[in-house]
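# Coordinate inspection notes
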Amino acid sequence: MASAKGRDPNPMLLTVCFILGVANFCMHKAVAESGHPFVEETKLYFGRHFGPYGSYAIELALLIGAMWLANADSLAVSLLYAAYTAVNGVATWILLSNKA
């Protein structure tokens, strides 16, 4: 099936972005439930502005944007989202291993 542009979307980019999104949500939940003092302070501050689930909404918006642009065959955006996931992974490891 062809897209509106007349090209087929790259299903591999979509699949990779989706899997990276699942990983981001898992890391986000693990950090949010960790009880780390930095995370708790951040939740109090941003919770006033975005509500208790605002950070998940931001994460979802990033995933939708990455998948939308991946559907348009944007390898650069997919690589940028992969780099974002890698940075999230490092930050999650630092917070959950009590290195921070």
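Our subject is the structure listed above.
Below is a short write-up of the structure. None of these values were measured; they are calculated from a predicted model. (Residues numbered from 1 in each chain as written. Predicted model: local features only at pLDDT ≥ 70, side-chain atom pairs only at ≥ 80, totals over all residues. Heavy atoms only, no water.)

### Digging into the overall build of the chain
Which entries qualify depends on this criterion: The numbering of helices and of strands both runs from the N terminus, where a helix is a DSSP run of H or I of at least 4 residues and a strand a run of E of at least 2. Between the two quantities, the radius of gyration covers C-alpha atoms and the globule rule is 2.2 Å times the number of residues to the power 0.38. Burial classes: relative accessible area under 20% of the type maximum marks a residue as buried, over 50% as exposed, and values in between as partly exposed (1.4 Å probe, protein chains only). What makes two residues a contact is simply this: any of their non-hydrogen atoms within 4.5 Å. Accessible surface area values rest on a Shrake-Rupley calculation with a 1.4 Å probe, where residue burial reflects the displayed protein chains alone. When charges are counted, Lys and Arg contribute as positive and Asp and Glu as negative, whereas His and the chain ends are disregarded. Where a charge sits is defined by one atom per residue type, namely NZ (Lys), CZ (Arg), CG (Asp) or CD (Glu).
A count of helical and extended segments in the chain gives four helices and zero strands. Along the chain direction, N to C, the helices and strands of the chain fall in the order α-α-α-α. Expected size for 100 residues packed as a compact globule is a radius of gyration near 13 Å; at 16 Å, the chain overshoots this value by more than 25%. Residue burial in the chain is summarised as follows: out of 100 residues, 22% are buried. Summarising the internal contacts of the chain: among those between residues at least 6 apart in sequence, 76% fall at separations of at least 24. For the chain, the computed accessible surface area is about 6900 Å², with 72% contributed by carbon and sulfur atoms. Both charge centroids of the chain, one from 6 positive and one from 6 negative side chains, sit 2 Å from each other.

### Considerations on the environment of G89
Here G89 is to be found in helix α4 (residues 75–96). Sequence-wise, G89 and N24 are 65 residues apart; in three dimensions their C-alpha atoms are separated by 8.0 Å.

### Quick word on helix α2 (residues 37–50)
Put simply, the test is: Multiplying 1.5 Å by the residue count of a helix minus one yields the expected span of that helix.
Taking 1.5 Å per residue, 14 residues should reach 20 Å; α2 reaches 19 Å between its end C-alpha atoms and fits that length. One or two steps after α2, the chain reaches G51, where phi turns positive at roughly 85°.

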